[in-house]
Amino acid sequence: MKTISLKLNAEAEALAAEARAFFTTALPDNLREQVKRQNTTLPIEEQKDWHRVMDARGWGGHGLPLADGGPGWDDEVYYAFLREMALADVPRPMLYGLRMLAPTLAKFGTADQKARYLPGIVSGDTMWCQAFSEPNAGSDLAALKCKAVLNGDHYVISGTKIWTTEAHVSDALFGLFRTDSSGRKQAGISFLMMPIDVPGLTIRPLHLLEGTHEVNELHFDDVRVPVIDRLGEEGDGWRLAKFLLEIERLESAEVSRSWAIYRTITEFLSSEAAATRGICDDPGALDQLSKLHQRLVSLDAQERLLVKRGEAALREQAPFLKLLGTPLFQDLAEFLMILVGVPAQIQLSEQERQGRPVLGPDTATFAAASFYLKRTTSIYGGASEVLKDLIARPYWRKA
Amino acid sequence: MSTETDFVALIGDTANRFLRDQYGFTDRRPDDLSRTFDRDRFWAAFMELGCQALLLPEDADGAAQDVTAALPVLEALGQEVLTSPFAVTAAVAPLILGNAEEPLRTAILKKIAAGLHRLAMSAEDLSLSPSAPPTTLEITIHENTIALNGTTHMVIEAGQASAFLLRASRSGSVDRFVFIPAHTPGISLTDYNLYDGSSAATIQCRDVNLPSASMIVVPDDMALNLANRFALCAVAEGLGTARRLWSELRDYLGLREAFSQRLSNFQVLRHRIVDMVSSLNAIEAGLAMLVEAESGRDDRDRRKLIHTALSEFRAHGIKVGKEAVQLHGAIGAMQEHVAAAGLTRLTVLNELAADQWGNERAMKALLQQDILNGTVSPLF
């Protein structure tokens, strides 16, 4: 039997306490409040400023090995740090640069690429976005068609990428491009990096169902990228992408962020607004809350067990965490919205909210937005239905 | 010690192989159903492995391991859907017996270590939310003896036991436990068969006289400790059963054909078997919560962990059992089939460990109190 303990090691416990104290004092209230309100489009300069504060503390490159500018934590310490971030309503770290590209660069990059790109990621000065999906290549990513043709010492890119998160506020992008169409579709894909203001690249905003501008459509019209900005060998992009997508395994279930929403729900239930609606001690509300709590504690324990069991267990089982975690995240947001009632359906942007009377509880200003926005969590990073197919594959593979 | 040691691994492997090879479900099932399975012989052979001494203290010839050492053995029993007095005798009763006066304490524990005792306890004394009719067993204390009168229900595997460990009350005093040899005059048993092939009895005591030392005074938190330990045993055993049902079903879907296709090619079935793995993970997480609850948390947190683990076991254990029956089709509903046996065992284990209504009600009260106190936080 594998370990069944949920206790973190002493180093992780110590780091958790240190991080908790740091976030309490160093995180600006304004930023904390926005994260608590589930605002996913924080002003980019505020995000960068906060990242610089963390970098000054030595945590700018958290998750990275020492040699690549990080603190060199093991999985348990890293997990403890991420958890404290979420529980303290600290903004999510800049995902695509720090959490995805940096470890991939560290493993597959040339010395020159590491020297040019890693420092900007660790300091928070360079914001990256990821251009993988295409109009006809989402869950079936290997079907991508956006073409990169080698021309001397440059690739010339033409085609379209879609659902590119934060491209409109990023400084650079990395993506997968078709460099060869002759073989099987997973082959002939290459991994390229480029500045966001490269000539020939246009960004068109796409608005999600509650109005947020978070994702974009990118058009490449003979965009030229030097060969030295290809990560790995030509045609090796699929392997690199798999590595990159598997890195983000610790937070795929959003467990700690779910605890933060759960806490918001309980705060609402103890508020005057809830008392006015008579739902403070309503047995039905308590029943639903209890069921959500049960799922949350169970998922929390499952995630922690995997962290304790190490790298291989995490890689193998992370899809299960996402399968359970994303609907739970959605259900918590839905429960909050239902508790708040109709005032939650009034759509106000952060700017519009300023100086206006809020109808209903303050929670009303973000409960519905959060519910709508969270619909995407079970789609990105592998839709739940696709994940189940992938998980099931080895169950009947011949030994 | 929650990481497996070589010793624990060895015991677990040995138990696993022994049970699979000599008491495997398929070979044993006809005897189960005809009620000709020789339980005395099984217990005697099983005790030769020494598993029953894992958790006992060294001064009683035990191995002084922590509770996680018993988990592989419990899981192995569950894999073969084999009911036994192991959990109560080797993992639960010693919590109480550790408080007995000497020389009784050492004498009983040594007998357990030697495989000479099979103990039985009431499910009512092992759950935080009993669903059985209330115990009316009363104790009267004399100078050197005690007398017992009254009734205790749902004493698990009482018919096979060499002794009972029952809670008795005395007006104006805290409850005590009493160690009662099975053949003590004044005791009568009414035995019932449960759907999983195990049994439980109502024990009636009429002027049962025992030495005073038979009475064991226990600390205030004993009820919580017992519920924690028994839940842990039930979930560990249930995890073994659920894993067995899953692997049997996966094999079946890979072999059986319908509409000229292997069942494993149907996406809806592939997705359901993935959902079952999620359920296995949830049961295992519950087990981890129960281990955590044994490790010195405050009472409120322990209760929350126990209630949550049992609710998860309820939801996911029975789900795995029902899916195993459903996806095997009619064959899975036959008494001979492991899916049917697994579903009944998982259901009975759940009911013995907790009355689900009471369990959920208690949890909701704790959560409501947290909200009122403003003390909402993750459990670990």
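Predicted model only: the values in this text are computed from it and were never measured. (Residues numbered from 1 in each chain as written. Chains lettered and ligands numbered in written order. Predicted model: local features only at pLDDT ≥ 70, side-chain atom pairs only at ≥ 80, totals over all residues.)

## Observations regarding the overall build of chain B
(1) Moving on: Secondary structure summary: chain B contains 11 helices and 10 strands in total.
(2) Moving on: For 380 residues, the compact-globule estimate of 2.2 N^0.38 gives 21 Å, and the C-alpha radius of gyration of chain B, at 21 Å, lies within 12% of that figure.
(3) Moving on: Excluding contacts between residues fewer than 6 apart, the proportion of contacts in chain B whose partners are at least 24 apart in sequence is 73%. (Helix = DSSP H or I, 4+ residues; strand = E, 2+ residues; numbered from the N terminus. Rg over C-alpha atoms; globule rule 2.2 N^0.38 Å. Contact = placed C-beta atoms within 7 Å.)

## Let's talk about the overall build of chain A
(1) Moving on: Looking only at helices and strands, chain A has 14 helices and 8 strands in total.
(2) Moving on: Taken over the C-alpha trace, chain A has a radius of gyration of 22 Å; the compact-globule value for 399 residues is 21 Å, and the two agree within 12%.
(3) Moving on: With the principal axes as the frame, chain A shows a C-alpha extent of 70 × 55 × 45 Å.
(4) Moving on: Burial statistics for chain A: of 399 residues in total, 44% are counted as buried.
(5) Moving on: In chain A, the proportion of contacts linking residues at least 24 apart, taken out of those at least 6 apart, comes to 74%. (Buried ≥ 20, exposed ≤ 12 C-beta atoms within 10 Å, placed from the backbone.)

## Some thoughts on unusual backbone geometry
(1) Moving on: Across the junction of Glu102 of chain B and Pro103 of chain B, the peptide omega takes the value 5 degrees, indicating a cis bond.
(2) Moving on: Mapped onto the fold, Pro103 of chain B is located in the loop between helix 5 (86-97) and helix 6 (104-113).
(3) Moving on: Its identity is not glycine, yet Trp163 of chain A carries a phi of approximately 60 degrees, on the positive side.
(4) Moving on: Within the element layout of this structure, Trp163 of chain A appears in the loop between strand 3 (154-162) and strand 4 (172-178).
(5) Moving on: Residue Trp163 of chain A is classed as buried on the basis of its 21 C-beta neighbours within 10 Å.
(6) Moving on: Positive phi outside glycine occurs at Phe259 of chain B, with the angle close to 50 degrees.
(7) Moving on: Tracing the backbone through its elements, the reader meets Phe259 of chain B in the loop between strand 9 (257-258) and strand 10 (261-262).

## Re the sheet that holds strand 2 (residues 138-141) of chain B
Where strands meet in a sheet, backbone hydrogen bonds hold them as pairs that are either parallel or antiparallel.
Residues and elements named next belong to chain B.
(1) Moving on: As summarised here, the arrangement of the 4 strands in space is 2-3-7-6, forming an open sheet in which the pairing is antiparallel. The sheet is open, and its two edges are formed by strand 2 and strand 6 (187-193), each paired on a single side. Neighbouring strand axes in the sheet, compared pairwise and without regard to direction, differ in orientation by 10 degrees on average.
(2) Moving on: Alignment of strand 6 against strand 7 (residues 199-211), held across 7 bridges, turns out to be antiparallel. Across the sheet, Asp191 pairs through a bridge with Ala201, a residue of strand 7. (Pairing = 2+ DSSP bridges. Axes fitted to C-alpha atoms, helices over the stretch in contact; angles between N-to-C directions.)

## Examining the domain arrangement of chain B
All names here are of chain B.
(1) Moving on: If you check the domain split of chain B, you get domain 1 (6-117), domain 2 (123-217) and domain 3 (222-373).
(2) Moving on: On the side of domain 3, 14 residues touch domain 2, which itself brings 13 residues to the contact.
(3) Moving on: Grouping the constituent residues of the side of domain 2 that touches domain 3 by class yields 7 nonpolar, 4 polar and 2 charged. (Domains from an automatic or database assignment. Nonpolar A, V, L, I, M, F, W, Y, C, P; charged D, E, K, R; others polar.)

## Quick look at the packing of helix 9 (residues 299-328) of chain B against helix 10 (residues 338-353) of chain B
All names here are of chain B.
(1) Moving on: Orientation of helix 9 relative to helix 10, taken along the N-to-C sense of each, is 165 degrees, at an axis distance of 8 Å. Classified by the interaxial angle, the pair formed by helix 9 and helix 10 is roughly antiparallel. Here helix 9 and helix 10 pass one another in a crossing that is left-handed. Contact residues: Leu310, Phe313, Arg314, Gly317, Ile318, Gly321, Lys322, Ala324, Val325 and His328 in helix 9; Ala339, Ala340, Gly342, Leu343, Leu346, Thr347, Asn350 and Ala353 in helix 10. (Parallel < 35°, antiparallel > 145°, perpendicular 65-115°, else oblique. Left-handed = near helix turned anticlockwise from the far one by under 90°.)

## Focus on the environment of Thr3 of chain A
Residues and elements named next belong to chain A.
(1) Moving on: Positionally, Thr3 belongs in the segment before helix 1 (10-26).
(2) Moving on: The class for Thr3 is partly exposed, based on 18 C-beta atoms found within 10 Å.
(3) Moving on: Taking the C-alpha atoms as reference points, Thr3 and Arg309, 306 residues apart in sequence, are found 6.7 Å from one another.

## Some details on the environment of Ala70 of chain B
All names here are of chain B.
(1) Moving on: Within the secondary structure layout, Ala70 lies in the loop between helix 3 (39-47) and helix 4 (71-79).
(2) Moving on: In this structure Ala70 comes out as buried when scored by C-beta crowding, with 26 C-beta atoms within 10 Å.
(3) Moving on: Considered as a pair, Ala70 and Asp59 are 11 residues apart in the sequence and their alpha carbons are 19 Å apart.
(4) Moving on: Residues contacting Ala70, with those up to four places away along its chain left out, are Leu54, Leu55, Ala90 and Ala91.

## Some details on the pairing of strand 2 of chain B
(1) Moving on: With 4 bridges connecting them, strand 2 of chain B and strand 3 (residues 145-156) of chain B associate as antiparallel partners. By the bridge assignment for strand 3 of chain B, Glu138 of chain B is matched with Asn149 of chain B.

## Quick notes on the domain arrangement of chain A
(1) Moving on: Here chain A is described as being made up of domain 1 (10-93), domain 2 (128-238) and domain 3 (249-396).
(2) Moving on: Computed from C-alpha coordinates alone, the two centres of domain 1 of chain A and domain 2 of chain A are separated by 29 Å.

## Quick notes on the interface of chain A and chain B
(1) Moving on: Taken together, the contacts link 33 residues of chain A with 41 residues of chain B.
(2) Moving on: Contributions of two or more residues to the side of chain A that touches chain B are made by helix 8 (255-269), helix 10 (283-309), helix 11 (311-340) and helix 14 (384-392) of chain A.
(3) Moving on: Sort the elements by how many residues they give to the side of chain A that touches chain B and helix 10 of chain A lands first, with 13 residues.

## Some points on the sheet that holds strand 5 (residues 176-181) of chain B
Residues and elements named next belong to chain B.
(1) Moving on: Read from one edge of the open sheet, 4 strands run 1-4-5-8, paired in mixed fashion. Strands at the two margins of the open sheet, each flanked by one partner only, are strand 1 (119-120) and strand 8 (215-217).
(2) Moving on: Note: strand 1 against strand 4 (residues 163-168), 2 bridges, orientation parallel. Bridge pairing in strand 4 places Ala120 opposite Phe164.

## Points about helix 6 of chain B
Side chains that are three or four residues apart share a direction in an α-helix, a result of its 3.6 residues per turn.
Residues and elements named next belong to chain B.
(1) Moving on: Turning to helix 6, its buried residues number three or more, namely Arg105, Ile108, Leu109, Ile112 and Ala113. Taken around the axis of helix 6, the buried residues stretch over an arc of 140 degrees, which confines them to a single face.
(2) Moving on: Looking at the buried positions of helix 6, the neighbouring elements they touch are helix 5 and strand 5. (Arc of directions from axis to C-beta.)

## Observations concerning the packing of helix 8 (residues 267-293) of chain B against helix 9 of chain B
Residue and element names in this part refer to chain B.
(1) Moving on: At their nearest, the axes of helix 8 and helix 9 sit 8 Å apart, and the two run at 155 degrees to each other. Viewed along their axes, helix 8 and helix 9 adopt a mutual orientation that is roughly antiparallel. Of the two elements, helix 8 crosses helix 9, and the hand of that crossing is left-handed.
(2) Moving on: Within the contact of helix 8 with helix 9, the residues separate by chemical class into 15 nonpolar, 5 polar and 6 charged.

## Concerning the pairing of strand 4 of chain B
(1) Moving on: For strand 4 of chain B, the buried fraction is high: 6 of the 6 residues fall into the buried class.
(2) Moving on: Residue alternation in strand 4 of chain B divides its side chains into two sets, Ala163, Leu165 and Arg167 of chain B and Phe164, Leu166 and Ala168 of chain B, and both sets are buried.

## Side note on the nonpolar core
Generally speaking, nonpolar side chains in soluble globular proteins are found buried as a group.
(1) Moving on: The biggest cluster of nonpolar side chains holds 178 residues, and the ones touching the most others in it are Leu336 of chain A together with Ala231, Val235 and Leu290 of chain B.
(2) Moving on: With sequence-adjacent residues up to four places away left out, Ala231 of chain B is seen in contact with Leu290, Ile306, Ala309, Leu310 and Ala353 of chain B.
(3) Moving on: Counting residues in hydrophobic clusters, the runner-up holds 43 residues, among them Tyr155, Phe177, Phe191 and Met193 of chain A. (Core = buried A, V, L, I, M, F, W, Y, C linked by C-beta atoms within 7 Å.)

## Quick notes on helix 2 (residues 29-36) of chain A
Residue and element names in this part refer to chain A.
(1) Moving on: Taken together, the buried positions of helix 2 are occupied by Leu31, Gln34 and Val35. The arc enclosing the buried residues of helix 2, seen along the axis, measures out at 100 degrees, which places them on a common side. Of the exposed residues in helix 2, those oriented more than 90 degrees away from the buried face are Asp29 and Glu33.
(2) Moving on: Against helix 3 (44-56) lie the buried residues of helix 2.
(3) Moving on: At the exit of helix 2 stands Gln38, carrying a positive phi of roughly 65 degrees.

## Quick word on the environment of Leu218 of chain A
All names here are of chain A.
(1) Moving on: As for its placement among the helices and strands, Leu218 is situated in strand 7 (residues 213-226).
(2) Moving on: Residue Leu218 is classed as buried on the basis of its C-beta count, with 24 C-beta atoms lying within 10 Å.
(3) Moving on: Distance in space between the C-alpha atoms of Leu218 and Thr202 is 5.8 Å, their sequence separation being 16 residues.
(4) Moving on: Residues within four places of Leu218 in sequence aside, it is in contact with Ala131, Thr160, Lys161, Thr164, Ala167, Leu201 and Ile203.

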